[in-house]
Number of protein chains: 2
Amino acid sequence: MEGRMTSGTFSKPAARRDGPAAFSPLYRQIRDLLVQALDQGEWKPGESIPSEIDLAARFQVSQGTVRKAIDELAAEHILIRRQGKGTFVATHQEALVRFRFLRLVSQGGELVPGHSEILACRKVRASAEMARELGLHPGDGLVYIRRLLSFKGKPTVVDDIYLPASLFKGLNLQILKENEGPLYWLFEARFGVSMVRADEKIRAVAACTEIGQLLGVESGHPVLRVDRVSYTYGDRAVELRYGHYVTEEYYYRNALI
Amino acid sequence: MEGRMTSGTFSKPAARRDGPAAFSPLYRQIRDLLVQALDQGEWKPGESIPSEIDLAARFQVSQGTVRKAIDELAAEHILIRRQGKGTFVATHQEALVRFRFLRLVSQGGELVPGHSEILACRKVRASAEMARELGLHPGDGLVYIRRLLSFKGKPTVVDDIYLPASLFKGLNLQILKENEGPLYWLFEARFGVSMVRADEKIRAVAACTEIGQLLGVESGHPVLRVDRVSYTYGDRAVELRYGHYVTEEYYYRNALI
DNA sequence: TAGTGGTCTAGACCACGGA
DNA sequence: CCGTGGTCTAGACCACTAG
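The structure displayed is predicted, hence computed values, not measured ones.

Conventions we followed
- Residues numbered from 1 in each chain as written.
- Chains lettered and ligands numbered in written order.
- Predicted model: local features only at pLDDT ≥ 70, side-chain atom pairs only at ≥ 80, totals over all residues.
- Heavy atoms only, no water.
- Domains from an automatic or database assignment.
- Buried area = accessible area lost by both parts, 1.4 Å probe.
- Salt bridge = Lys/Arg side-chain N within 4 Å of Asp/Glu carboxyl O.
- Polar contact = N/O pair within 3.5 Å; in protein donor to acceptor, adjacent residues only side chain to side chain.
- Helix = DSSP H or I, 4+ residues; strand = E, 2+ residues; numbered from the N terminus.
- Contact = heavy atoms within 4.5 Å.
- Pairing = 2+ DSSP bridges.
- Axes fitted to C-alpha atoms, helices over the stretch in contact; angles between N-to-C directions.
- Parallel < 35°, antiparallel > 145°, perpendicular 65-115°, else oblique.
- UniProt positions renumbered as here; feature names shortened; annotations may be inferred.
- Least-squares fit on C-alpha atoms with pLDDT ≥ 70 in both.
- Buried < 20%, exposed > 50% of the residue type's maximum accessible area, 1.4 Å probe, protein only.

Participant: So what exactly am I meant to see when it comes to the domain arrangement of chain A here?
Facilitator: Accessible area lost on assembly of the parts is the figure often given for the size of an interface. Residues and elements named next belong to chain A. Its domain assignment divides chain A into domain 1 (22–89) and domain 2 (95–252). The C-alpha centroid of domain 2 is placed 30 Å from the C-alpha centroid of domain 1. Among the residues of domain 1 in contact with domain 2, Asp39, Pro45 and His77 are the three that bury the most area, contributing 54% of the side total. For the interface between domain 1 and domain 2, the tally reads 1 salt bridge. Close ionic contact of arginine 236 with aspartate 39 constitutes a salt bridge, the shortest N to O distance being 2.9 Å. The tally of links between domain 1 and domain 2 comes to 1 residue pair in polar contact (both at pLDDT 80 or more). By residue number, the principal contributor to the side of domain 1 that touches domain 2 is helix H2 (residues 26–39), which donates 3 residues.

Participant: What's the story with the interface of chain A and chain B in this structure? I'm lost.
Facilitator: Contacts between chain A and chain B engage 28 residues on the former and 28 residues on the latter. Joining chain A to chain B, the criterion identifies 17 residue pairs in polar contact (both at pLDDT 80 or more). Looking at the side of chain A that touches chain B, the elements with two or more residues in it are helix H5 (95–101), strand S8 (197–206), strand S9 (222–232) and strand S11 (250–256) of chain A. Of all the elements, S8(A) adds the most residues to the side of chain A that touches chain B, at 10 residues. Direction of pairing for S11(A) relative to strand S8 (residues 197–206) of chain B: antiparallel, over a ladder of 5 bridges. Its bridge partner lying in S8(B), Arg253(A) is registered against Lys201(B).

Participant: Hey, could you run me through the packing of helix H3 (residues 52–59) of chain B against helix H4 (residues 63–75) of chain B in this one?
Facilitator: The description of two packed helices rests on the angle between their axes and on the distance between the axes. All names here are of chain B. Where H3 contacts H4, the axes come no closer than 8 Å and their chain directions differ by 105°. Taken as axis vectors, H3 and H4 run roughly perpendicular relative to one another. Contacts between H3 and H4 involve Glu52, Ile53, Leu55 and Ala56 from the first element and Gln63, Val66, Arg67 and Ile70 from the second.

Participant: Just checking my understanding: could you explain the UniProt feature "domain: HTH gntR-type" (unreviewed entry) in chain A for this structure?
Facilitator: Within this numbering scheme, the UniProt entry marks residues 24–92 of chain A as carrying the feature "domain: HTH gntR-type" (unreviewed entry). Between the C-alpha atoms that bound residues 24–92 of chain A the distance is 31 Å, and the span itself is 51% helix and 14% strand.

Participant: Is there a simple way to explain the relation of the copies chain A and chain B in this structure?
Facilitator: Between the two chain copies there is a screw-like relation: a rotation about an axis and a shift along it. Once turned by 180° and shifted 0.0 Å along the axis, chain A lies on chain B with an RMSD of 0.1 Å. Those values place the two copies in the arrangement expected of a two-fold rotation axis. Taken as a fraction of all interface residues of chain A, those also at the interface in chain B reach 100%, which identifies the copy contact as same-surface.

Participant: Got a minute to help me understand the sheet that holds strand S2 (residues 79–82) of chain B in this structure?
Facilitator: Either a parallel or an antiparallel arrangement is found when strands of a sheet pair, and the pairing is made through backbone hydrogen bonds. All names here are of chain B. Taken together, 3 strands build an open sheet; the order of strands is S1-S3-S2 and the sheet is antiparallel. The sheet is open, and its two borders are formed by strand S1 (48–49) and S2, each paired with just one other strand. By the bridge criterion, 2 bridges tie S1 to strand S3 (residues 86–89) in an arrangement that is antiparallel. Along S3, the bridge assignment pairs isoleucine 49 with threonine 87.

Participant: Looking at this structure, I do not really get the environment of Phe101(B). What am I missing?
Facilitator: Structurally, the position occupied by Phe101(B) is in helix H5 (residues 95–101). A sequence separation of 127 residues divides Phe101(B) from Arg228(B), and the C-alpha atoms of the two residues are 10 Å apart. If we skip the residues at most four places from it in the chain, Phe101(B) touches Leu256(A), His92(B), Tyr184(B), Met195(B), Val196(B), Arg197(B), Ala198(B) and Arg228(B).

Participant: In this structure, what is going on with the pattern of salt bridges? I would like to understand it.
Facilitator: When the charged atoms of two side chains lie near each other, side chains of opposite charge can form a pair. All names here are of chain A. Applying the stated criterion across every chain, the model contains 36 salt bridges over all chains. The partner of arginine 146 in a salt bridge is glutamate 210, with the nearest N and O atoms 2.8 Å apart. Placement of the pair is arginine 146 in strand S6 (residues 141–151) and glutamate 210 in helix H9 (residues 209–215), with a sequence separation of 64 residues. Through salt bridges that share partners, Glu52, Arg67, Asp71 and Arg81 make up one connected network.

Participant: For this particular structure, what's the right way to read the pairing of strand S11 (residues 250–256) of chain B?
Facilitator: Moving residue by residue along a regular strand, the side chains alternate between the two faces of the sheet. All names here are of chain B. Extensive coverage of S11 is indicated by the burial of 5 of its 7 residues. Examined bridge by bridge, strand S4 (residues 104–106) and S11 share 3 bridges and lie antiparallel to one another. Opposite valine 105, over in S11, you have tyrosine 251 as the bridge partner.

Participant: Just checking my understanding: could you explain the environment of Asp235(B) for this structure?
Facilitator: Residues and elements named next belong to chain B. Here aspartate 235 lies in the loop between strand S9 (222–232) and strand S10 (236–245). C-alpha separation for the pair aspartate 235 and methionine 195, spaced 40 residues apart in sequence, amounts to 9.7 Å. At a separation of 2.8 Å, a polar atom in the side chain of aspartate 235 contacts the side chain of arginine 197.

Participant: I'm lost on the side chain of Asn254(B) in this one. Help?
Facilitator: Tracing the backbone shows Asn254(B) in strand S11. At a separation of 3.2 Å, a polar atom in the side chain of Asn254(B) contacts the side chain of Asn254(A). Among the polar contacts made by the side chain of Asn254(B), one reaches the side chain of Arg103(B) at a distance of 2.9 Å. Filtering out sequence-adjacent residues up to four positions away, Asn254(B) remains in contact with Arg103(A), Ala198(A), Asp199(A), Glu200(A), Ile202(A), Tyr252(A), Asn254(A) and Arg103(B).

Written out as structure tokens, the structure reads:
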């Protein structure tokens, strides 16, 4: 009963005078094991993971410790708890997840679903900077995608997307055109790459003629430029996305908390 | 409400009884009581609140329940836990808090402290829309502030700020000019109004001549337009802020999580 | 050494969803 | 009805900070 998996088994007794703090509580180790299992596809987006009691048995810890591990993953929106039903792997099919990654809302504040049109898809080679951001080598293969997002028929966003070809083998124009629903859903369902978080850099720039034509505005018109790096389970960058947003009828919404 | 208290396993079921009808677990009621105490100024920004054990005694619940209440407030960055020291009320003096409300970073990604210059301060009357957003009546008194933020000597942000005059009695140009440090620090230290969260709407617009002159760019130059509504403890809107950002050397950074 | 928050456990019971 | 997550308690011990 007692002696089982007390904190001594996992945690490090003192005796570290200057090394980087090596102490990691049990629940965080469990959290990392869960992420690892997710990364390996043990449970897929939309599926349920085992119950807290089962996981507690599997990892030989108390239910409370498993709970705290899941709490963290739920706070990161990697897992979703549903009382009475179970705990599920988040999927970009759900509106709540989608709108975390597409912040455009109409003047009134409604979250408007958009229509996506694929304009291009081809293989390119990574520049030095792209390689650095994706943890690849310059010249490595990338899949380039250009797509136009429209809201209520109005062209609003042009995205230029770059993906590591090694992770998205076989991705081509036909697959993209056949796809219905969010791109990230295609990525997770067909290629096993789940986008979990992203960092964005936002600027105001003047539209070039090419972008202007696609968005139906004059060249020089102010547009939002949104540079995104997206990450999957292990904090691994797996997408670069350069977006141009027309913000006359929709705006980028952000909550500061 | 009553069902909440009848959860007979509690050794002290008679402890809490509060009125607001909706069902909410004990720890959330404790959370709300803590927010209420903060709102009434029982503990001021930068100060420590009582220990978990003391609070547990005060509210007649277990330490674990208090912990969970504090956990929520810490997640909202309203409280800050420091192991071995105590739990403290967040203050805008801290860099971590400031940078949650000022998202501009340099190209390299460093968080650069800026220099603030007050350009104007006067009393105005609330328009219908402003009144609606602040929960006031049209015509109610507001304090209007224009300030210029510069980074490394370069003018970068013009903010037009509107505050309910009733909450900021006596705020004038002199007080603003004497103030050193963040505006929000002045607000919380001198007027007892703590900004806890905010919503922002972001667009790309062309600079008008007036804004262009202040920011040192041509009229028509693309700038970020950031409309902010800020909230204090009870989710009460207490500030409108319309910002224009030049984004050539600095950009707005956002984390999608 | 004393006091704080942080971790972990064990057990009881509540709320919810579905068979 | 059962199984799920959600709440609450009680107690032991660990990690950190300060005097």
